[in-house]
Amino acid sequence: MIRLLPVWLLVALAFHSVPARADDNRPLSVAIVQEGEQSFRATWKIPANVDARHLPQLSSGACKPQGQPRHWSDPLGSWREEAWQCPQGLVGKEIAIAYPLANPGLATIVRFHPLDEAEPQTLLLQPQESLFTLAAPGTERGSFVDFLVLGVEHIWIGIDHLLFVAGLIFIAGTARRILTTITGFTLAHSVTLALSALDILRLPIMAIEAVIALSIVFLAVEIVKGPRDTLTWRRPIVVASAFGLLHGFGFAAVLREIGLPEEGFVTALLAFNLGIEIGQVVFAMLVMGALWLIARADRWSEKLPASRLAGYAVGCLASYWMLERITGA
């Protein structure tokens, strides 16, 4: 009765993710532009789903702020801009990120535009990193590992993607069907991730994120109604591939936020996608391992309406996300 057992994991994921805003895990974005030998302009933003009170302060002991800083908010988030005077330059000097409360789990994307350098540098920081140093041209951190880690982090923070994968595993049921279903989902979102990152095809991100939430609602309805003669239960790979195309646009949104480097573009794109796949495979293995353990206590699945409980919990949460994204709340 393995089909009736994954539901507890779905319930746990759903209730664990209530405080989160699903896939809205955009990073703290920092742009530092060198305007002269000693003058720099720093602009940074936290995403719109994070309270403006969390906007951090950036500072360096090598620089002094000039004039009055600018603050503003727009649909993209909350912003701050400062002009810095750095007599000894800024390359090689530490820059601190100080959150007024605590870091709300945001990674940091730094784009440094050196004077007379056509190609900006990209620096990726994990949430626990509060200090960074701008490297001299040609000596910046390797982007492959950075984008690989970012991909793993993105899938693990993206609770909506994980819920969708967990729902697919529940419906697929057997190991062989799970493998083919997850493979279809992987191939589909890899295609649209690449197309979107290459700017060949682009769709409005708010609409995409709403449809991603709708995809979870769709699976939740199927789980509540139970196994029956429908395409979803007969051929879950078809549903996984169709919705996977849309999830790929969601994955690409964070790359557009960062901006892939022109040099090593393909490497960075492949690293990010590989990171997503690694995180997804690890999650799927954990889910399947948990199901095997739960299956040892099969008698509990006969006593509780677990499948409907999980379906309603996940469906209600995903419906909330969908309405929230449609209204832009």
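Preceding this paragraph is the structure being described.
Turning next to the state of the cysteines. This model, assessed by the stated rule, comprises one disulfide. Note on cysteine connectivity: Cys 63 is disulfide-linked to Cys 86, with sulfurs 1.9 Å apart. Since a negative S-S torsion denotes a left-handed disulfide, the Cys 63-Cys 86 link at about 105° is right-handed. Of the two residues, Cys 63 is situated in the loop between strand S3 (57–59) and strand S4 (64–74) and Cys 86 in the loop between strand S5 (77–85) and strand S6 (94–98); the sequence distance between them amounts to 23 residues.

Attention now moves to the pattern of salt bridges. Tallied over the full model, the rule gives seven salt bridges. Of the charged contacts in the structure, one is a salt bridge between Arg 53 and Asp 51, with a shortest N-O distance of 3.2 Å. In this structure, Arg 234 and Asp 229 form a salt bridge, with 2.7 Å as the shortest nitrogen-oxygen distance. One salt-bridge network, in which partners are shared between bridges, spans Glu 35, Arg 41, Arg 70 and Glu 81.

Bringing helix H4 (residues 175–197) into the picture now. For H4, with 23 residues, the first-to-last C-alpha span of 32 Å sits near the 33 Å given by 1.5 Å per residue. A positive backbone phi angle near 65° is found at Asp 199, which sits one or two residues after H4.

On to the sheet that holds strand S2 (residues 39–47), then. Across a sheet, paired strands are connected by hydrogen bonds in the backbone, their directions being either parallel or antiparallel. Reading across from one edge, S4-S5-S2-S1-S7-S8 is the order of the six strands in this open sheet, with mixed pairing throughout. The sheet terminates laterally at S4 and strand S8 (121–125), the two strands that pair on one side only. Each strand of the sheet is rotated relative to its neighbour by a mean of 15°, with strand direction disregarded.

With that settled, consider the pairing of strand S1 (residues 28–34). The element S1 is extensively covered by neighbouring structure, given that five of its seven residues are classed as buried. Bridge count for S1 against strand S7 (residues 108–113) is six bridges, and the pairing is parallel. For Ser 29, the partnering residue across the bridge sits in S7 and is Ile 109. Counting the residues between successive antiparallel strands, the hairpin from S1 to S2 contains four residues.

Glancing now at the packing of helix H3 (residues 159–172) against helix H5 (residues 205–225). With their axes 10 Å apart at the nearest point, H3 and H5 run at an angle of 30° to one another. Between H3 and H5, the angle is such that the two are roughly parallel. Here the hand of the crossing between H3 and H5 comes out left-handed. Residues Asp 160, His 161, Leu 163, Phe 164, Gly 167, Leu 168, Phe 170 and Ile 171 of H3 pack against Ile 212, Ser 215, Ile 216, Leu 219, Glu 222 and Ile 223 of H5. Its residues placed into classes, the contact of H3 with H5 shows nine nonpolar, three polar and two charged.

Most of S5 is tucked away: eight of the nine residues are buried. Where S2 meets S5, nine bridges bridge the pair, whose relative direction is antiparallel. Bridged to Ser 39 within S5 is Gln 85. Inspection of the sheet shows S4 paired to S5 by eight bridges, in the antiparallel sense. The partner of Ser 73 across the bridge, within S5, is Ser 78.

The next subject is the sheet that holds strand S9 (residues 131–133). The strand order across the open sheet built from three strands is S3-S6-S9, with neighbouring strands paired in antiparallel fashion. Looking at the sheet topology across the chains shown, the edges are occupied by S3 and S9. With strand direction ignored, the average angle separating the axes of adjacent strands in the sheet is 20°. Direction of pairing for S6 relative to S9: antiparallel, over a ladder of three bridges. If you follow Glu 94 over to S9, its bridge partner there is Thr 133.

The end-to-end C-alpha distance of H5, which contains 21 residues, comes to 30 Å, matching closely the 30 Å that a straight helix rising 1.5 Å per residue would cover. The positive-phi residue at the C-terminal boundary of H5 is Gly 226, with phi of around 85°.

Moving on: a nonpolar patch on the surface. On the surface, Phe 144, Val 145, Val 149, Trp 156, Leu 274, Ile 278, Val 282 and Leu 286 cluster together into a nonpolar patch covering about 650 Å² of accessible area. For the nonpolar patch, the secondary structure elements donating two or more residues are helix H2 (143–157) and helix H8 (265–295). Looking at the secondary structure, you find Ile 278 in helix H8.

Looking at the element boundaries, Gln 34 is found in strand S1. Its relative accessible area of 15% is what places Gln 34 among the buried residues. Within the structure, the side chain of Gln 34 is placed 3.1 Å from the backbone oxygen of Gly 36, a separation counted as a polar contact. At 2.9 Å, the side chain of Gln 34 forms a polar contact with the backbone nitrogen of Leu 115. Not counting residues within four places of it along the chain, the set of residues in contact with Gln 34 comprises Ser 39, Phe 40, Phe 112, His 113, Pro 114 and Leu 115.

Conventions adopted
Residues numbered from 1 in each chain as written. Predicted model: local features only at pLDDT ≥ 70, side-chain atom pairs only at ≥ 80, totals over all residues. Heavy atoms only, no water. Disulfide = S-S within 2.5 Å. Helix = DSSP H or I, 4+ residues; strand = E, 2+ residues; numbered from the N terminus. Salt bridge = Lys/Arg side-chain N within 4 Å of Asp/Glu carboxyl O. Expected span 1.5 Å × (residues − 1). Pairing = 2+ DSSP bridges. Axes fitted to C-alpha atoms, helices over the stretch in contact; angles between N-to-C directions. Buried < 20%, exposed > 50% of the residue type's maximum accessible area, 1.4 Å probe, protein only. Parallel < 35°, antiparallel > 145°, perpendicular 65-115°, else oblique. Left-handed = near helix turned anticlockwise from the far one by under 90°. Contact = heavy atoms within 4.5 Å. Nonpolar A, V, L, I, M, F, W, Y, C, P; charged D, E, K, R; others polar. Patch = residues over 30% accessible without salt bridge, like charges linked within 9 Å, V, L, I, M, F, W, Y side chains within 5 Å. Areas by Shrake-Rupley, 256 points an atom, 1.4 Å probe, with all protein chains shown as cover. Polar contact = N/O pair within 3.5 Å; in protein donor to acceptor, adjacent residues only side chain to side chain.

In short, geometric facts, not functional conclusions.
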